[in-house]
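Tertiary structure, described
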Amino acid sequence: MIYCVEDDDNIRELVVYTLDSTGLPAKGFPSGTEFKAALKNETPELILLDIMLPGEDGMELLSDIRKNSKTKNVPVIMLTAKGAEYDKVSALDMGADDYVTKPFGMMELVSRIRAVLRRSSRGKNTDEPVLSTGKIKMDVLRHKVTVNGKEVVLTLKEFELLKKLILNLGVVLTREQLLEDIWGYNFDGETRTVDVHVRSLRQKLGKAGDQIETVRGVGYRIREK
């Protein structure tokens, strides 16, 4: 089930109708209040979230989604206003998986949704359920990270970033490559969101964060220890 939170009745109804017609069951909600009530009864596979909403806006709802243990790993696609670059960057930094700029075509939206669902599915079916390097240990299936046996709480994107680095131990990954592999597209050459997530990841890992090295002018790698 896909949830669409959009206060414009015409857009919401069209999105729900299109998704239902293409084999992606969907429900629509005009505000965060109805959306939150529905979450108590069902956890969706993906959430479409408009930024401009009455009451709680999309950014506040996104923050709540990522803090909730039941929904923190649910993929979220933000619906943003044309040219609102700050909103796009902020949404990605807060854990959104993708964004679609209004006005958008229905088939483009369906394509983006399917791409995000594929990436999400791959993440859940990794062949390496437990990854480790130095004092860092990742239980991929349980979505749990520990440093020296103490659990570290990461956002979905921080978790995916750390997993990507460990799976490529010692290999330098460019910012563009990380953006493409983890966020799923090239955001007009914008790589600041990668730097933000690396900085946050280092802080949360404490001293173990020193394993993540910056290769000037190229990108990042995690070294063996």
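Residues numbered from 1 in each chain as written. Predicted model: local features only at pLDDT ≥ 70, side-chain atom pairs only at ≥ 80, totals over all residues. Heavy atoms only, no water.

Helix length check: helix α6 (residues 156–167) (12 residues) gives 16 Å between terminal C-alpha atoms against 16 Å at 1.5 Å per residue, within 8%. With nine of 12 residues buried, α6 is to be regarded as a mostly interior element. Turning to α6, its buried residues number three or more, namely L156, K157, E158, F159, L161, L162, K163, L165 and I166. (Helix = DSSP H or I, 4+ residues; strand = E, 2+ residues; numbered from the N terminus. Expected span 1.5 Å × (residues − 1). Buried < 20%, exposed > 50% of the residue type's maximum accessible area, 1.4 Å probe, protein only.)

Position of Q211 relative to the elements: it lies in the loop between α8 (192–205) and β11 (212–215). Given a relative accessible area of 2%, Q211 falls into the buried group. A distance of 3.0 Å separates the side chain of Q211 from the side chain of T133, its partner in a polar contact. (Polar contact = N/O pair within 3.5 Å; in protein donor to acceptor, adjacent residues only side chain to side chain.)

Turning our attention to the sheet that holds strand β12 (residues 219–222). Spatially, the three strands line up as an open sheet ordered β10-β12-β11, and their pairing is antiparallel. For this open sheet the edge positions go to β10 (173–174) and β11, each flanked by a neighbour on one side alone. As paired strands, β11 and β12 are joined by four bridges and run antiparallel to one another. Residue T214 lies in a different strand from β12, and its bridge partner there is Y220. Set on the sheet, α6 makes contact with β10, β11 and β12; between it and β12 the angle comes to about 70°. Along the sheet, α8 contacts β11 and β12; its crossing angle with β11, the most-contacted strand, is approximately 150°. (Pairing = 2+ DSSP bridges. Contact = heavy atoms within 4.5 Å. Axes fitted to C-alpha atoms, helices over the stretch in contact; angles between N-to-C directions.)

At a closest axis distance of 10 Å, the pairing of α6 and α8 adopts a crossing angle of 85°. Considered as vectors, α6 and α8 are oriented roughly perpendicular to each other. Between α6 and α8, the residues in contact are K157, E158, L161 and L162 and H197, V198, S200, L201, K204 and L205, respectively. In terms of residue class, the contact of α6 with α8 is built from five nonpolar, two polar and three charged. (Parallel < 35°, antiparallel > 145°, perpendicular 65-115°, else oblique. Nonpolar A, V, L, I, M, F, W, Y, C, P; charged D, E, K, R; others polar.)

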